[in-house]
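Structural description and commentary
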Amino acid sequence: MTLSEWSALPENNRHCRELVDGVLVVAPQPPRHQLAVWRLAAQLERALPRGIAALARIELVIDEEHPATVRVPDVLVVGGAAGASHVTRVWPGDVLAAIEIVAPGSRRTDRVTKLWEYAAAGIRNYWLLEPEDAVRLLAYELAGDSYIPTGEYSGTPEMELEGITLPLDLDALTVLRTTV
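Values in this document were obtained by computation on a predicted structure and should not be read as measured data.

1. Considering the packing of aromatic side chains
Tallying each qualifying case throughout the model produces four aromatic pairs. On the numbers, 5.9 Å between centres and 25° between planes, the contact of Tyr-126 with Tyr-147 is stacked. Of the two residues, Tyr-126 sits in strand S9 (residues 125–130) while Tyr-147 sits in strand S11 (residues 146–154), which places them 21 residues apart along the sequence. The exposure classification of Tyr-126 matches that of Tyr-147, with both residues buried. Here a set of aromatic residues connected by ring pairs shows up, and it is made of Tyr-118, Tyr-126, Tyr-140 and Tyr-147.

Below, the structure written as structure tokens:
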């Protein structure tokens, strides 16, 4: 599939669709995972200055040549023109951080494949959230052409991203509300 064929597909909010080396890959979006995605984007958005945005489930073009690769990270922190407008597609140069929340069907892809792809694309920061039991955030920073781990966090860390302090409540990402 080419990038233009990908672009012609109808919208589908029930599944996560990505284009990997010209092949359409479809995965379910478990409700708890979706909840964590939206809550994380909201937490980040509150702390970001104008011109930088947290975008949930936006297309990231890794390679537009055939066979094309388009990933849909759970959350992207973007700057430049992408951070100042309502875009539906971004390129690696726009991205300050790519964030994935590991789901049962994406463990290997998030921990291995995307770690390599995002580094090769030049994305400076990769955060991986592991939601099993207590949520942990594994932070990576680009060094040369690969990522190096820069920390492991849980609870309510204050993350630094491009000189911006981002207070997070990781446990609040997946906790279910109780009725009163």
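Let us keep going from here.
2. A few points about helix H4 (residues 107–120)
Spanning 14 residues, H4 covers 19 Å between terminal C-alpha atoms, matching the ideal 20 Å at 1.5 Å per step. Of all the bends in H4, the greatest measures close to 40° and is centred on Lys-114. Among the residues of H4, those classed as buried are Asp-110, Lys-114, Glu-117, Tyr-118 and Ala-119. In the segment just after H4, Gly-122 is the residue with positive phi, at about 90°.

Procedures and definitions
Residues numbered from 1 in each chain as written. Predicted model: local features only at pLDDT ≥ 70, side-chain atom pairs only at ≥ 80, totals over all residues. Heavy atoms only, no water. Phe/Tyr/Trp six-rings, centres within 6.5 Å; stacked < 30°, edge-to-face > 60°. Helix = DSSP H or I, 4+ residues; strand = E, 2+ residues; numbered from the N terminus. Buried < 20%, exposed > 50% of the residue type's maximum accessible area, 1.4 Å probe, protein only. Expected span 1.5 Å × (residues − 1). Bend = angle between axes of the 7 residues up to and from the residue.

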